[in-house]
Amino acid sequence: MDTESRASNSSAKNLSGSFPTQYITYDKFEIANMTSNDVYYGPDTREFRNAGQAEVSEDILAPDVEIDTDDEVNNVPAEDGLFINASDEEDLSSFRCIVCKTFPVFGGVFKCPERHLFCAGCYQMRVLDKMLGAQLGTCPRCGMRIYRHQPHRHVVGESILSTVIVGCEKCEMLMPRGQLRHHGRNECPKRLITCKYKRIGCKWKGPIGLLEEAHVENCEYRHKTGHELFEELRMIQEKRDAKQIQLVNIMKLLQLPHITVRLLHLLPQSETFPRNQFNAGPSFQAFGQHWCVKFKWQTPDNSELPLDQQTDHCSLLFQLCLESSDSLQQRGPLVLTFTLISSVYSHVRFQPNLCEKCDFTRDNTDGPPTLLYENSWRSLDMLINKRGFYTRLLMSRI
């Protein structure tokens, strides 16, 4: 396979200039000619069959599993970056996942024997979701078999997506795509930060720089006494204790004898997701019934657009709904406990949630609305309309 390595020693910082880095470019048709030597078999992402292949950035291999659900700055969807030329994105279109149509961000890139590509989350759904029936473990495009324990990893594709040069969506600085996540969290001059007094109650969030310095200088929490902070700290501790109790109860749910797990995937929305109303999401079967999970994008004051898309809070809620309730008339109510958790390949971590008891009957087919995720309007827009997300619904009959 022909590859070309290029280097530039310029020091420009934005999309209008060049970039001080070395990267690898590939012809856009090379994907169709890749051989088995370009594919890695097995779980260790550091070993490659092609010893000469460039090592893939850790950012495209490792999803975030330790991000705090209350971390409004870091618990956000990953960005694709700005392509320098429109033709760059078109040339890379062959590397989009055939299911969700997005460029893989982390977890690796996989392919079927006919070279159709999957992101890690969609590959996991295809080999684990038993609701697919006869289509389980098959490529949705060609029907060829794919395997859970023998994944065909597309190392060349991972390297291309990791090393292609893109611009930061906030500051437009150029860098390899695999460095975007680290840059956005630690180096971007326009990144968001929270107040240094957040731990004692300050809820300010804004861009780093002069606004941050002005806020810290005038932050009301800077001069509060211990007596003034006592009530606020007590409320913060109560919230933490409630979250811990919720996690303990979820662990108890995992120990129940008749637990059912469903893998669910909300695909990126081709049209803007309607706000301030519940919208039908994935459907599935469990306990002899047909179910649906609905999602609601709640905006401040039910407004279509907030004043500040970077800082104004929005919420994502879910609701478990029973679609077929006719058989419940003879059987009586169906009593469930359930929780919806984020999958390992989701871009964000969801808030701990648990419905300890819900009676589904012919007249009561909807579970309680439950908070799943809170962040800015921009983060919700990125998650729902551009990324989509993977979840696991844990249900048990009680």
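Counting of residues starts from 1 at the beginning of each chain's written sequence and follows it residue by residue. The model is predicted, so local features are restricted to residues of pLDDT at least 70 and side-chain atom pairs to those at 80 or more, both for listing and for counting; the totals for chains, interfaces and linings are taken over all residues. Side-chain descriptors were evaluated using all non-hydrogen atoms of the structure, hydrogens and water having been removed beforehand.

**As for the environment of Gly 206**
So, step 1. Numbering goes from the N terminus for both helices and strands, where a helix is a DSSP run of H or I of at least four residues and a strand is a run of E of at least two. In this structure, Gly 206 sits in strand S11 (residues 205-207).
So, step 2. Separated by 13 residues in the primary sequence, Gly 206 and Ile 193 place their C-alpha atoms 5.7 Å from one another.
So, step 3. The contacts of Gly 206, once residues within four sequence positions are left out, are Arg 191, Leu 192 and Ile 193. We call two residues contacting when some pair of their heavy atoms lies within 4.5 Å.

**Details of the sheet that holds strand S4 (residues 82-83)**
So, step 1. Across the sheet, which stays open at both edges, the three strands sit in the order S4-S8-S9 with antiparallel pairing between neighbours. The outermost strands of the open sheet, each flanked by one partner alone, are S4 and strand S9 (174-176).
So, step 2. Think of it this way: DSSP has to see at least two bridges between two strands before they count as a pair. Pairing between S4 and strand S8 (residues 165-167): two bridges, direction antiparallel. What sits directly across from Leu 82, in S8, is Gly 167.

**Re the sheet that holds strand S15 (residues 313-322)**
So, step 1. Across the sheet, four strands lie side by side as S13-S14-S15-S18; this open sheet has antiparallel pairing. Edge positions in the sheet fall to strand S13 (278-286) and strand S18 (370-376), since each has one partner strand and no second. This sheet shows a mean twist of 20° between the axes of neighbouring strands, independent of strand direction.
So, step 2. Of the pairings in the sheet, the one linking S13 to strand S14 (residues 289-298) comprises seven bridges and is antiparallel in character. The partner of Ala 280 across the bridge, within S14, is Lys 294. Throughout, an axis means a line fitted to C-alpha atoms (over the contacting stretch in the case of helices), and angles, computed between N-to-C directions, take values from 0 to 180 degrees.

**A closer look at the packing of aromatic side chains**
So, step 1. A pair of Phe, Tyr and Trp rings is counted when the ring centres sit within 6.5 Å of each other, with Trp represented by its six-membered ring. The angle between the planes then sorts it: under 30 degrees is stacked, over 60 is edge-to-face, the rest tilted. Summed over the entire model, instances satisfying the criterion amount to eight aromatic pairs.
So, step 2. Between the aromatic rings of Phe 110 and Tyr 123, the centroid separation amounts to 4.8 Å while the plane-to-plane angle is 25°, which identifies the pairing as stacked. Taken together, the residues Phe 110 in strand S5 (residues 109-111) and Tyr 123 in helix H2 (residues 120-128) connect sequence positions 13 residues apart.
So, step 3. Here the term buried applies to any residue with accessible area under 20% of the maximum for its type, exposed to any over 50%, and partly exposed to those in between, with areas from a 1.4 Å probe on protein chains only. Look at Phe 110 and you get buried, because its relative accessible area is 8%.
So, step 4. Ring geometry for Phe 338 and Phe 360: centres 6.5 Å apart, planes at 40°, overall tilted. Residue Phe 338 is located in strand S16 (residues 334-342), and its partner Phe 360 is located in strand S17 (residues 355-360); the two are separated by 22 residues in the primary sequence.

**Focus on the nonpolar core**
So, step 1. Working definition of a nonpolar core: buried Ala, Val, Leu, Ile, Met, Phe, Trp, Tyr and Cys residues. They are joined through side-chain atoms within 4.5 Å. Core analysis: the biggest nonpolar cluster contains 32 residues, and Trp 291, Phe 295 and Phe 338 have the highest contact counts within it.
So, step 2. With five residues, the top contributor of residues to this core is S15.
So, step 3. Discounting residues that sit within four places of it in the chain, Phe 338 has contacts with Leu 253, Phe 318, Leu 320, Leu 354, Cys 355, Cys 358, Phe 360, Pro 368, Leu 393, Leu 394 and Met 395.
So, step 4. One finds Cys 112, Tyr 123, Cys 139 and Tyr 390 within the second-largest nonpolar core, a separate group that totals 17 residues.

**A few points about the pairing of S18**
So, step 1. Of all seven residues in S18, five are buried, a share of seventy percent or more.
So, step 2. Two elements, S15 and S18, share six bridges in a ladder whose sense is antiparallel. Bridge assignment links Ser 315 to a residue of S18, and that residue is Glu 374.

**Notes on a positive patch on the surface**
So, step 1. Together, Lys 198, Arg 199, Lys 239 and Arg 240 give the surface a local cluster of positive charge.
So, step 2. Within the secondary structure, Arg 240 sits in helix H6 (residues 226-254).
So, step 3. The exposure class of Arg 240 is partly exposed, given its relative accessible area of 44%. A residue counts toward a patch only above 30% relative accessible area and without a salt bridge, and it is joined to like-charged neighbours within 9 Å or, for Val, Leu, Ile, Met, Phe, Trp and Tyr, to nonpolar neighbours within 5 Å. Calculation of accessible area relied on Shrake-Rupley with a 1.4 Å probe; when residues are assessed, cover is drawn exclusively from the protein chains displayed. Salt bridges, as used here, are contacts in which a Lys or Arg side-chain nitrogen is within 4 Å of a carboxyl oxygen on Asp or Glu. In this tally, Lys and Arg are treated as positive and Asp and Glu as negative; His is ignored, and so are the chain termini. One atom stands in for each charge, and that atom is NZ of Lys, CZ of Arg, CG of Asp or CD of Glu.

**Let's talk about helix H8 (residues 377-387)**
So, step 1. In terms of burial, H8 is largely enclosed, as nine of its 11 residues are buried.
So, step 2. Within H8 the residues assigned to the buried category are Trp 377, Ser 379, Leu 380, Asp 381, Met 382, Leu 383, Ile 384, Asn 385 and Arg 387.
So, step 3. The inward-facing, buried residues of H8 contact S14, S15, S18 and strand S19 (389-397).

**Considerations on the environment of Cys 314**
So, step 1. Looking at where Cys 314 falls in the secondary structure, it is placed in strand S15.
So, step 2. By relative accessible area, Cys 314 is classed as buried at 0%.
So, step 3. Note: C-alpha distance between Cys 314 and Glu 374 (60 residues apart in sequence) is 5.9 Å.
So, step 4. Residues within four places of Cys 314 in sequence aside, it is in contact with Trp 297, Gln 298, Thr 299, Pro 300, Tyr 373, Glu 374, Asn 375, Trp 377 and Leu 380.

**Topic: the pairing of strand S12 (residues 259-266)**
So, step 1. Within S12, six of the eight residues are buried, which leaves the element mostly enclosed by the surrounding structure.
So, step 2. Inspection of the sheet shows S12 paired to S19 by eight bridges, in the antiparallel sense. Looking at S19, one finds that Leu 264 is bridged to Thr 391.

**Digging into the environment of Ala 280**
So, step 1. Secondary-structure assignment places Ala 280 in strand S13.
So, step 2. Along the chain, Ala 280 and Lys 296 lie 16 residues apart, while their C-alpha atoms are 9.1 Å from each other.

**Quick look at the state of the cysteines**
So, step 1. Cysteine sulfur atoms that come within 2.5 Å of each other are treated as a disulfide pair. Counted according to the given criterion, the structure contains zero disulfides.
So, step 2. With no disulfide of its own, Cys 139 has Cys 142 as its nearest cysteine by sulfur position, at a separation of 3.7 Å.
So, step 3. A relative accessible area of 2% means that Cys 139 is categorised as buried.
So, step 4. Cysteine Cys 321 shares no disulfide, and the gap to the nearest cysteine sulfur, in Cys 292, comes to 6.1 Å.

**So, the pattern of salt bridges**
So, step 1. Tallied over the entire structure, the rule returns 15 salt bridges.
So, step 2. The partner of Lys 243 in a salt bridge is Asp 70, and the shortest N-O contact between them spans 3.2 Å. On the criterion of sequence distance, the pair formed by Lys 243 in helix H6 and Asp 70 in the loop between strand S3 (39-41) and S4 is long-range, its members being 173 residues apart.
So, step 3. A salt bridge links Asp 80 to Arg 387; the nearest nitrogen and oxygen atoms lie 2.9 Å apart. Remark: Arg 387 occurs in helix H8 and Asp 80 occurs in the loop between S3 and S4; sequence separation between them is 307 residues.
So, step 4. The exposure class of Arg 387 is buried, given its relative accessible area of 6%.
So, step 5. Each of Glu 79, Glu 169, Lys 170 and Arg 378 takes part in one network of salt bridges that share partners.

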